[in-house]
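Spelled out from the first residue to the last, the chains are:
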Amino acid sequence: MEAAVFILSLVDCCALIFLSVYFIITLSDLECDYINARACCSKLNKWVIPEMVGQCLSTMLMLVSMHWFVFLLNLPVAAWNIYRYVKVPMGNMGVFDPTEIHNRGQLKSHMKEAMIKLGYHLLCFFIYLYSMILALIND
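Residues numbered from 1 in each chain as written. Predicted model: local features only at pLDDT ≥ 70, side-chain atom pairs only at ≥ 80, totals over all residues. Heavy atoms only, no water.

Caption draft 1: Representation of the overall build of the chain in the model. A count of helical and extended segments in the chain gives five helices and zero strands. Secondary structure elements in the chain, listed N-terminal to C-terminal, are α-α-α-α-α. For the chain, the proportion of contacts with a sequence separation of at least 24, taken over those separated by at least 6, is 76%. Of the side chains in the chain, 9 bear a positive and 10 a negative charge, and the two mean positions are spaced by 9 Å. (Helix = DSSP H or I, 4+ residues; strand = E, 2+ residues; numbered from the N terminus. Contact = heavy atoms within 4.5 Å. Lys, Arg positive; Asp, Glu negative; His and termini not counted. Charge placed at Lys NZ, Arg CZ, Asp CG, Glu CD.)

Structure, rendered in structure tokens:
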């Protein structure tokens, strides 16, 4: 059972790493003017909810399986994703809005957030991998 939890978390983490890299590539394409702001934001907004669901799934898995340290490690990122989604101003296209992405350094802050999430997910990947191997050895 414990190994299955970490295998599922590892697969989920791989998907979140892929999403973080996709966000970084898309935002850097916008920064270099390879795509326009509307196309960039529509591409990124399509993946905000799946990212939030993936992070919450991993967090809930750790809560249900009573891995408290990993649960507490996942909780702030899941809470941040939910907060970011809930606090979208009325009238905006989504978390990424084409009319505001170039204002007030939002592009840089979105890029920084994507880089931090990539580092976080890589750290979680190795924690899940270590825990999975440990669980498989102990079974």
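Caption draft 2: Structural view of the packing of aromatic side chains. This model, assessed by the stated rule, comprises five aromatic pairs. Each ring, one from W80 and one from Y83, has its centre 5.7 Å from the other, and the planes form 35°; the classification is tilted. Of this pair, W80 and Y83 both sit in helix 4 (residues 68-86), three residues apart, which is roughly one turn of the helix. Overall, W80 belongs to the partly exposed group, its relative accessible area being 40%. (Phe/Tyr/Trp six-rings, centres within 6.5 Å; stacked < 30°, edge-to-face > 60°. Buried < 20%, exposed > 50% of the residue type's maximum accessible area, 1.4 Å probe, protein only.)

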